[in-house]
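# A closer look at the structure
Read off the chains here:
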Amino acid sequence: MTGPRRHTTDEMQDHDHDHDHDHDHSHFDEMELRVRALRSVLVAKGHVDPAALDVLIDTYERQVGPRNGARVVARAWADPAFKAWLLRDATAAIASMGYQGRQGEHMVVLENTPQRHHLVVCTLCSCYPWPVLGLPPTWYKSAPYRSRAVRDPAGVLAEFGLSLPPGTQIHVADSTAEVRYLVLPMRPAGTEGLDEEQLADLVTRDSMIGTGLPRQPCAPGRSPAFVPQPAGRRAFP
Ligand code: FE
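Just so it is clear, the model here is predicted, and its values are computed rather than measured.

## Examining the overall build of the protein
Scanning the protein from terminus to terminus reveals 12 helices and six strands. Counting over 237 residues, the protein shows a buried share of 39%. Pairs at least 24 apart in sequence give 68% of the contacts found in the protein among residues at least 6 apart. Carbon and sulfur atoms form 55% of the exposed surface of the protein, whose accessible area is close to 13200 Å².

## As for the coordination of the iron ion
The iron ion binds to the protein through Cys122 (SG), Cys125 (SG), Cys127 (N) and Cys127 (SG); the donor distances cover 2.1 to 2.5 Å. Of note is the iron ion, whose four donor atoms meet at the metal with angles of 80 to 131° in an arrangement that counts as irregular.

## Looking at the confidence of the model for the protein
When pLDDT is averaged along the protein, the result is 82; 78% of the residues meet or exceed 70. Below pLDDT 50 for its whole length, residues 1-25 participates in 26 contacts with residues either more than four positions away or in separate chains.

## Description of the packing of helix 4 (residues 66-78) against helix 5 (residues 80-88)
When two helices pack together, you describe them by how their axes are tilted relative to each other and by the distance separating the axes. Across the interface, helix 4 lies against helix 5 with an axial gap of 5 Å and an inter-helix angle of 125°. The angle between helix 4 and helix 5 places the two elements in the oblique class. Here Val72, Arg75, Ala76 and Ala78 of helix 4 lie close against helix 5, whose contacting residues are Pro80, Phe82, Lys83 and Leu86. Looking at side-chain class alone, the contact of helix 4 with helix 5 contains six nonpolar, no polar and two charged residues.

## Quick notes on the pattern of salt bridges
If you walk through the whole model with that rule in mind, you get eight salt bridges. Of the charged contacts, one joins Glu197 and Arg71 as a salt bridge, the two residues approaching to 3.1 Å between their closest N and O atoms. Remark: Arg71 occurs in helix 4 and Glu197 occurs in helix 11 (residues 196-202); sequence separation between them is 126 residues. Glu197 sits in the partly exposed class, given a relative accessible area of 39%. We classify Arg71 as partly exposed; its relative accessible area is 28%. Taken together, the shared-partner salt bridges in this structure form one network comprising Arg67, Arg71, Glu197 and Asp201.

## Remarks on unusual backbone geometry
A positive phi angle is found at Gln103, which is not glycine, with a value near 65°. Topologically, Gln103 is positioned in the loop between helix 6 (90-95) and strand 1 (107-111). Given the relative accessible area of 19%, Gln103 is considered buried.

## Topic: the nonpolar core
Among the nonpolar cores identified, the biggest contains 44 residues, and Val72, Leu86, Ile94 and Tyr145 are the most heavily contacted of them. The element that contributes the greatest number of residues to this core is helix 4, accounting for six residues. Leaving out residues up to four positions away in the same chain, Ile94 has contacts with Val72, Leu86, Tyr99, Met107, Val109 and Val132.

## Considerations on the side chain of Asn112
Inspection of the secondary structure assignment puts Asn112 in the loop between strand 1 and strand 2 (116-121). Taking relative accessible area as the criterion, Asn112 reaches 5% and is therefore assigned buried. For Asn112, the contacting residues outside a window of four places in its chain are His117, His118, Val183, Leu184, Pro185 and Met186.

Thresholds, definitions, all that
- Residues numbered from 1 in each chain as written.
- Predicted model: local features only at pLDDT ≥ 70, side-chain atom pairs only at ≥ 80, totals over all residues.
- Heavy atoms only, no water.
- Helix = DSSP H or I, 4+ residues; strand = E, 2+ residues; numbered from the N terminus.
- Buried < 20%, exposed > 50% of the residue type's maximum accessible area, 1.4 Å probe, protein only.
- Contact = heavy atoms within 4.5 Å.
- Areas by Shrake-Rupley, 256 points an atom, 1.4 Å probe, with all protein chains shown as cover.
- Donors = N, O, S within 2.8 Å, 3.2 Å for Na, K, Ca; no water.
- Tetrahedral: all angles 85-135°; square planar, octahedral: opposite > 155°, others 65-115°.
- pLDDT = per-residue confidence, 0-100.
- Axes fitted to C-alpha atoms, helices over the stretch in contact; angles between N-to-C directions.
- Parallel < 35°, antiparallel > 145°, perpendicular 65-115°, else oblique.
- Nonpolar A, V, L, I, M, F, W, Y, C, P; charged D, E, K, R; others polar.
- Salt bridge = Lys/Arg side-chain N within 4 Å of Asp/Glu carboxyl O.
- Core = buried A, V, L, I, M, F, W, Y, C linked by side-chain atoms within 4.5 Å.

Below you can see the structure in the form of structure tokens.
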């Protein structure tokens, strides 16, 4: 079986060329195309109600999102007992905050340290912890991210604008249908006086996937409460 042609690094770095020619630049990867085709058939045959699907999608797009994960991280930063529980039994600790359900049944939290940085990918498809992060970003599902995160994790992080101190080991965690990962980023320095909600403001979605770091807090009294992160280069479609 042959899948869609994967983009080379050069193609990812230069996407400004004319798209009149005939090659595979679909915004959907093979898995997404299959899912769409399957959905069309199921709806056409009356096995699936499109309105029910819309409710499901709306739930995960609007009501569930990375703010849930940010609150989990903030609590772990603020409460050592909760952090220990989170690292021991993430599914139960996260459920205690009300975040559970589909795609979150078997959670594992990976703690970043000065020595070790975790990066989450799903090389097979797009497994992602929905209850704490919502729906995955498009780049997470893209073939270039999925293949290169394993082959060249430092290069991938560099394209997200993230360079780690020399000597930091990068561990790539490959999600499966059985296990979903959430990265517990390191708590930024200078956040001692912040409460959980203020801490949660510092936690970005990407910092919980491992493609980013938490925001840095501003000096007290300054607005906004945190320093915006550089956007980083997004080479992934
Ligand atoms: Fe997957």
